[in-house]
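Chains, contacts and geometry: an overview
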Amino acid sequence: MVLTIGFSPCPNDTFIFDALVNGGIDTGDITFDPVLEDVETLNRWALEGKLDITKLSFPAYFKTADTYRLLNAGSALGKGVGPLLIAHADQKFSNDDVNKASIVLPGVNTTANLLFSFAFPDAVNKAFRVFHEIEDAVVNKEADLGVIIHENRFTYQQKGLHKVLDLGQHWEEKMGVPIPLGGIVIKKSLGNDIYEQVNQLINQSLQQSFNTYPKVSNYVKEHAQAMSEDVMRQHIELYVNNYSLDLGVDGKKAIDVLQTVFEKSSK
């Protein structure tokens, strides 16, 4: 059986799936066909049911729960891992200023967009771009504010930008649960046996990467663009944790809380 699997080229995802797609573990009678894309592309594809297994933002999962089932392994949740609202270092913003400002975000279906709306429900002047273009959009004053994710958390200050609000910290303080960023889902039509098998294989793949860490594999490096190995490790350590091995009770509770907020915001 060949199953398509979509995930991002970011170090946290390539770290998790390296052994799964590159022969690092025995996958039995399943062969995985990887497709690497940015998360908002994967979100859109999930809405179309394009891939058998895919990484996606949790708001996209909430929209596709009739088609896909959430796997227990492979997710990105945690504390201190949320998106940041950033601006030029010489600009200060009150809540009212944010509501009136132009904001660029990484995608309408992303958790970053939902967490921004949770913090600033009256801010509506939004535009959406691929996540790695957002820093430069703010630097070039194409927008007043940007919401950054992934490795941009480690680089924005070098570009003369400053943090207006840590949207993840705001979420944690208000809701008291970890931040659910993205999950791995599988088509329900594949059945429970394949679900259990794939879940176990993703867990094994991640364990294999943990066993050789802090060494960064060539697979992670080749997809990390111009990122230094130091930043790759920061990225992995921020987004890959015990919730990535298994959501557990706390992880599932956090996702339920986020879904409640999503459903309220969608009304």
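Attention here is on the structure that accompanies the text. These figures come from a predicted structure and were not determined experimentally. Within each chain, residues carry numbers counting from 1 in the order of the written sequence. The predicted origin of the model limits local features to residues at a pLDDT of at least 70 and limits the giving and counting of side-chain atom pairs to 80 or more, whereas totals for whole chains, interfaces and linings rest on all residues. To get the side-chain values, take all heavy atoms of the structure and skip hydrogens and water.

**Examining the environment of His150**
Only DSSP runs of H or I covering at least 4 residues are called helices, and only runs of E covering at least 2 are called strands; the numbering of each starts at the N terminus. Tracing the backbone shows His150 in the loop between strand S9 (145-148) and strand S10 (161-166). Among the residues examined, His150 registers a relative accessible area of 13% and is labelled buried. Between the alpha carbons of His150 and His170 there is a distance of 18 Å; along the sequence they are 20 residues apart. Pairs of residues are marked as contacts when any of their non-hydrogen atoms sit within 4.5 Å. Contacts of His150, omitting those with residues within four sequence positions, involve Cys10, Phe131, His235 and Tyr239. Only protein chains enter the area calculation, which uses a 1.4 Å probe; residues under 20% of their type maximum are buried, those over 50% are exposed, and those in between are partly exposed.

**Observations regarding empty space enclosed by the protein**
The rolling of a water-molecule-sized probe over the atoms marks out the regions of remaining empty space. With a 1 Å grid laid over protein atoms only, a set of points is called a cavity when a 1.4 Å probe fits there but cannot get out and a pocket when it is open yet has protein on both sides within 12 Å along at least five of seven lines; lining residues have an atom within 4 Å of a point. Grid points are joined across faces, edges and corners, and a volume is the space filled by probe spheres set on the points. With the rule as written, the count across this model stands at one cavity of 30 Å³ or more. Of the volumes computed, that of the largest cavity is approximately 200 Å³. Along the walls of the largest cavity sit 20 residues, with Ser57, Ile149, His150, Leu181 and Gly182 positioned nearest its centre. If you list the elements that add at least two residues to the lining of the largest cavity, you get helix H1 (11-21), strand S3 (53-57), helix H5 (111-119) and strand S11 (179-187). Sort the elements by how many residues they give to the lining of the largest cavity and S3 lands first, with three residues. As a working rule, the residues Ala, Val, Leu, Ile, Met, Phe, Trp, Tyr, Cys and Pro are called nonpolar, Asp, Glu, Lys and Arg charged, and the rest polar, with Gly in that last group. Split into classes, the residues belonging to the lining of the largest cavity amount to nine nonpolar, eight polar and three charged.

**Description of helix H7 (residues 167-175)**
Looking at H7, one finds that the buried residues are Leu167, Gly168, His170 and Trp171. Down the axis of H7, the buried set is contained in an arc of 160°. They therefore lie on one face. The inward-facing, buried residues of H7 abut strand S6 (84-88), H5, S9, S10, S11 and helix H12 (248-266). Residues adjacent in sequence count toward polar contacts only when both atoms are side-chain atoms; beyond that, a polar contact is any pair of N or O atoms within 3.5 Å, and within protein one must be able to donate a hydrogen and the other to accept it. The N-capping residue of H7, defined by a side-chain oxygen 3.0 Å from the backbone nitrogen of Gly168, is Asp166. The arc in question is formed by the directions pointing from the helix axis toward the C-beta atoms.

**Some thoughts on the sheet that holds strand S7 (residues 103-105)**
Here the rule is simple: two strands pair whenever DSSP picks up at least two bridges between them. Taken in spatial order, the five strands make up an open sheet running S8-S7-S9-S6-S10, and their pairing is mixed. Both outer strands of the open sheet, strand S8 (126-128) and S10, are each paired with one neighbouring strand and no more. Within the sheet, the average angular offset between the axes of one strand and its neighbour, ignoring direction, is 30°. The sheet contact formed by S7 and S9 spans two bridges and is parallel. If you follow Val104 over to S9, its bridge partner there is Gly146. Think of each axis as a best-fit line through the C-alpha atoms, taken over the contacting stretch in the case of a helix, with angles from 0 to 180 degrees between the N-to-C directions. Across the sheet, H7 is in contact with S6, S9 and S10; its angle to S10 comes to roughly 15°.

**Quick notes on the side chain of Asp52**
The residue Asp52 is located in the loop between helix H2 (39-48) and S3 in this model. Counting rule applied: Lys, Arg positive; Asp, Glu negative; His and chain ends not counted. Take a side-chain nitrogen of Lys or Arg and a carboxyl oxygen of Asp or Glu: if they are within 4 Å of each other, that pair is a salt bridge. As a buried residue without a salt bridge, Asp52 has its nearest oppositely charged side chain in Lys187, at a separation of 4.6 Å. Excluding anything up to four places from it in sequence, Asp52 contacts Val2, Leu3, Thr4, Tyr68, Val185, Ile186, Lys187 and Leu190.

**Comments concerning the pattern of salt bridges**
All told, the structure shown has seven salt bridges when counted by the stated rule. Here Asp13 and Lys55 are joined by a salt bridge, their closest N and O atoms 2.8 Å apart. With Asp13 in helix H1 and Lys55 in strand S3, the pair connects residues that are 42 residues apart, well separated along the chain. Of the residues examined, Asp13 reaches a relative accessible area of 0% and is grouped as buried. Linked by salt bridges that have partners in common, Glu135, Asp136 and Lys159 make up one network.

**Examining the nonpolar core**
Judged by nonpolar contacts, the single largest core of 45 residues is most densely connected at Leu85 and Phe116. Per-element tally for this core: the top contributor is H12, with six residues. When near neighbours in sequence (up to four residues on either side) are disregarded, Leu85 contacts Val98, Ile103, Phe116, Phe120, Leu145, Gly146, Val147, His162, Lys163, Val164, Leu165 and Leu167. Throughout this description, the term nonpolar core refers to a set of buried Ala, Val, Leu, Ile, Met, Phe, Trp, Tyr and Cys residues connected via side-chain atoms within 4.5 Å. Counting residues in hydrophobic clusters, the runner-up holds 33 residues, among them Leu3, Phe7, Ile53 and Ile184.

**Details of the pairing of S11**
Of all nine residues making up S11, nine are buried, and the element is well covered by its neighbours. Sheet topology places strand S5 (residues 76-78) next to S11; three bridges connect them, and they run antiparallel. Looking across to S11, one finds that Leu77 is bridged to Pro180.

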